[in-house]
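Coordinate analysis (summary)
Spelled out, the chains give:
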Amino acid sequence: MTLALASASGPAPAARRRLRIERVTGLGFALPAFVLLLLTILLPLAVLLWLSFTNYEFGGVDMDWVGLANFRKALADPIIRRSLVNTLLYVAIVVPGGVLGALLIAVLVHRRKRTRSVYEVIYFLPVTSTLIAMATVWQFLLHPSLGPVNGVLKWLGLGPVAFLSEPSTALATLAVIGIWQLLGFNMILFLAGLTAIPRDLYEAADIDGCSGGIDRFLTITWPLLGPTTMFVLVTTMITAFKIFDTVAVMTRGGPVGSTEVLLYNVYLEGFQYFHTGYAAALTFIFLAFILVFSAVQTFALDKKVHY
Amino acid sequence: MTDLVLPAPVTPVRSALRRFLSLVLIHGVLIAGAVFMLAPFVWMLVTSIKPPAEIFNAEISLWPKQFYGLQNYGFAMEKAPLLRFALNGVILCGGILIVQLLVAIPCAYALAKLSFPGRNALFVLVLLGLCIPVQVPAMPLYIALAQLGLLNTYFAMMVPFFLSVFAIFLFRQFFRSFPDDIINAARLDGMSEFEIVWRIVTPSAWPAIAAFSVFSAVAHWNDLYWPLIVISDARLAPPPLGMMFFADAETGSNYGALTAAATILTAPLVIAFLVARRRFIDGITVTGVK
């Protein structure tokens, strides 16, 4: 009896003790992170979901369960529709500009030897700068009468363009500033991708008679850069979809709603008008888009293996 | 088959000429892009030392006729506590980063090297957390902070960022490749798990920690959304919010002072970037290394 027990746990006590210590320390080490995860992400998400089914207004006293009314209202609201269209339009300008522009610059910079680091620094500078401060500078650069951009246009014989106060140009102008901000970031990611392409592939291509720059790009660089491109594409989409800063500082949604974007509306409804329930529903619409983009990314990264 | 004619006329002179032309084209494109990238910075610096008269006559000149820098910077510093904004930025970024590291490193070590109940579930939560931007939990957090009377505090500004699921994810990847033999040897030497984490594993992950620190500091120095929500007291404003307050105040179209303020608030990060170029590029693009 005692012998059987001893042999069952014979060599084990030390190992079992070890295992117990490991479990306890594991739990202990994970606990602070788990508590914070609970308090700053999971619980707020649950509260947000619950709020989105109510007509709660922050600071108000009564609150009723309204079911899906907030979501129905959001989908029918012309302001929300317009802001969604504007956001997608903004994404549609920033993504091709920010991705293809960065790819072009990366391919050109990659083969420079002496000047490479100079160009890297210059193109990366806007990424590190405080966008809000630079937005003020952009506002001045684009000023209809005082700005140098219009100064140049005038010198070229073109009339002044009120970039930010003209409904037809305001959103596109913000998109150009968006491209300016993230081009360097994407360029660095592309450069990392380019460095990973083996040099002898290009030599092999040379021997096969594929020597033109564009030929080489299409047969080697572009296919091998596939996973990088996919990653850059999705992160750019997510970043662009979250546009808020430049709108909040430069246009505040104007002129005549032409730069109203989703996150700005979430901010206005939630923290300016305190339509908390409604803003909660809008937040979920915002989150739905982000999750779709993230899902595309996961799918694309899985595909990476097959290249 | 007509293609066969093409390679024939490539004489040394022609190929040299072609090389030269392609170099001109390449640098032409790169320099044009560089002008677009640098223009706002150059214009910011130039305008910040120009007198109002030269700003308002809208002449494009890259150097002021009359040096007016002292007045512009003096006015900006006097009208707004710019150094205070910068200090707030330092407190904010420092506070967030310290807690992020203290929380994420042990958790990442546990996820990478220890087996404990709920480990996989926790990791799934971490992965899901990666997809949730701060704008999503913002409203419930705001309501909670308001109920607790904590709006307009440094704590309110920092609390949503104390947990960085990204840091946990990144460090876990790094710790996984740390050799088990060393950990076991340390255990045999009688080291506690606590000592193993902080004295053996953490120093080995230095590159990842440095990269994450830069990433975190840049992100929170420049963040506007959350401070805009919880801070209305200008004395607590971090740089972006401070810039917004300053631009909204009477300065209206005093571009000399505005660009001076923008220069002061942009300078710390830009200078840090120019000094530690590689670290910065690695840090900010660390999200792409997944």
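Residues numbered from 1 in each chain as written. Chains lettered and ligands numbered in written order. Predicted model: local features only at pLDDT ≥ 70, side-chain atom pairs only at ≥ 80, totals over all residues.

- Chain B is annotated in an unreviewed UniProt entry as sn-glycerol-3-phosphate transport system permease protein UgpE from Bosea minatitlanensis.
- For the record of chain B, the UniProt heading Subunit (unreviewed entry) holds the text "The complex is composed of two ATP-binding proteins (UgpC), two transmembrane proteins (UgpA and UgpE) and a solute-binding protein (UgpB)."
- Its UniProt record gives chain B a comment under Sequence similarities (unreviewed entry), which states: "Belongs to the binding-protein-dependent transport system permease family." (UniProt positions renumbered as here; feature names shortened; annotations may be inferred.)

- Going by the annotation in an unreviewed UniProt entry, the name recorded for chain A is Carbohydrate ABC transporter permease, with Bosea minatitlanensis given as the source organism.
- The Sequence similarities (unreviewed entry) comment attached to chain A in UniProt states, word for word, "Belongs to the binding-protein-dependent transport system permease family."

**A short note on the overall build of chain B**
- A tally of helices and strands in chain B yields 15 helices and zero strands.
- Taking 19 Å as the expected radius of gyration for a compact globule of 290 residues, we find that chain B reaches 26 Å, considerably beyond that expectation.
- With respect to the principal axes defined by its C-alpha atoms, chain B has extents near 70 × 70 × 35 Å.
- Sorting the 290 residues of chain B into buried and exposed places 42% on the buried side.
- The long-range share in chain B, meaning contacts at least 24 apart out of those at least 6 apart in sequence, stands at 76%. (Helix = DSSP H or I, 4+ residues; strand = E, 2+ residues; numbered from the N terminus. Rg over C-alpha atoms; globule rule 2.2 N^0.38 Å. Buried ≥ 20, exposed ≤ 12 C-beta atoms within 10 Å, placed from the backbone. Contact = placed C-beta atoms within 7 Å.)

**Section: the interface of chain B and chain A**
- Counting from both sides, the interface comprises 75 residues of chain B and, opposite them, 69 residues of chain A.
- Ranked by residues supplied to the side of chain B that touches chain A, first place goes to helix α1 (residues 12-47) of chain B with 14 residues.
- Along the lines of polarity and charge, the residues of the side of chain B that touches chain A split into 62 nonpolar, 10 polar and three charged. (Nonpolar A, V, L, I, M, F, W, Y, C, P; charged D, E, K, R; others polar.)

**Structural notes on the domain arrangement of chain A**
- Looking at chain A, the domain boundaries give domain 1 (14-52) and domain 2 (73-306).
- The C-alpha centroid of domain 2 of chain A is placed 36 Å from the C-alpha centroid of domain 1 of chain A. (Domains from an automatic or database assignment.)

**Quick notes on helix α6 (residues 131-141) of chain A**
- Among the 11 residues of α6(A), 11 are classified as buried, and the element is accordingly described as predominantly covered.
- Among the residues of α6(A), those classed as buried are A:L131, A:I132, A:A133, A:M134, A:A135, A:T136, A:V137, A:W138, A:Q139, A:F140 and A:L141.

**Details of the domain arrangement of chain B**
Residues and elements named next belong to chain B.
- Per the domain assignment, the segments making up chain B are domain 1 (2-75) and domain 2 (81-289).
- Taking only C-alpha atoms, the centre of domain 1 and the centre of domain 2 are 36 Å apart.
- Opposite the 11 residues of domain 1 that make contact, domain 2 presents seven residues.
- At the level of elements, α1, α2 (52-56) and α3 (69-79) are the ones that each hand at least two residues to the side of domain 1 that touches domain 2.
- Residue classes in the side of domain 1 that touches domain 2 are distributed as seven nonpolar, three polar and one charged.

**Looking at the UniProt feature "transmembrane region" (unreviewed entry) in chain B**
All names here are of chain B.
- Per the UniProt record, the feature "transmembrane region" (unreviewed entry) sits at residues 20-46, 85-109, 121-143, 155-175, 196-218 and 255-276.
- End C-alpha atoms of residues 121-143 are separated by 29 Å, and the span's content is 65% helix alongside 0% strand.
- The span residues 255-276 carries 95% helix and 0% strand; its end-to-end C-alpha distance comes to 31 Å.

**Examining unusual backbone geometry**
All names here are of chain A.
- If you check the backbone angles, R252 has positive phi at about 50° while not being a glycine.
- Tracing the backbone through its elements, the reader meets R252 in the loop between α12 (245-251) and α13 (262-272).
- The class of R252 is exposed, set by 12 C-beta atoms lying within 10 Å.
- With phi around 55°, F274 is a residue other than glycine that occupies positive phi space.
- Examined against the element boundaries, F274 turns out to sit in the loop between α13 and α14 (276-303).
- Overall, the presence of 15 C-beta atoms within 10 Å leaves F274 in the partly exposed class.

**Examining the UniProt feature "transmembrane region" (unreviewed entry) in chain A**
All names here are of chain A.
- Following the UniProt record, the feature "transmembrane region" (unreviewed entry) maps to residues 26-53, 88-109, 121-141, 170-197, 217-241 and 278-301 here.
- Structurally, residues 121-141 is divided into 90% helix and 0% strand, and its ends, taken at the C-alpha atoms, are 22 Å apart.
- The span residues 170-197 carries 93% helix and 0% strand; its end-to-end C-alpha distance comes to 40 Å.

**Re helix α11 (residues 206-222) of chain B**
All names here are of chain B.
- Between its terminal C-alpha atoms α11 stretches 24 Å, which fits the 24 Å expected from 17 residues at 1.5 Å a residue.
- When you tally the buried positions in α11, you get 12 out of 17 residues, the bulk of the element.
- Where α11 is concerned, the buried positions are A208, I209, A211, F212, V214, F215, S216, A217, V218, H220, W221 and N222. (Expected span 1.5 Å × (residues − 1).)

**Here's the deal with the packing of helix α4 (residues 78-110) of chain A against helix α8 (residues 167-195) of chain A**
Residue and element names in this part refer to chain A.
- In contact at an axis separation of 6 Å, α4 and α8 are set at 40° when each is read in the N-to-C sense. Judged on the interaxial angle alone, α8 and α4 are oblique. Here the hand of the crossing between α4 and α8 comes out right-handed.
- Tallied by class, residues from the contact of α4 with α8 come to 21 nonpolar, seven polar and no charged. (Axes fitted to C-alpha atoms, helices over the stretch in contact; angles between N-to-C directions. Parallel < 35°, antiparallel > 145°, perpendicular 65-115°, else oblique. Left-handed = near helix turned anticlockwise from the far one by under 90°.)

**What about the packing of α6(A) against helix α14 (residues 255-275) of chain B?**
- Closest axis-to-axis distance for the α6(A)/α14(B) pair is 9 Å, and the angle between their directions is 150°. The angle between α6(A) and α14(B) falls in the class roughly antiparallel. As for how α6(A) packs across α14(B), the hand of that crossing is left-handed. Contacts between α6(A) and α14(B) involve A:A133, A:M134, A:T136, A:V137 and A:F140 from the former and B:Y255, B:L258, B:T259, B:A262, B:L265 and B:T266 from the latter.

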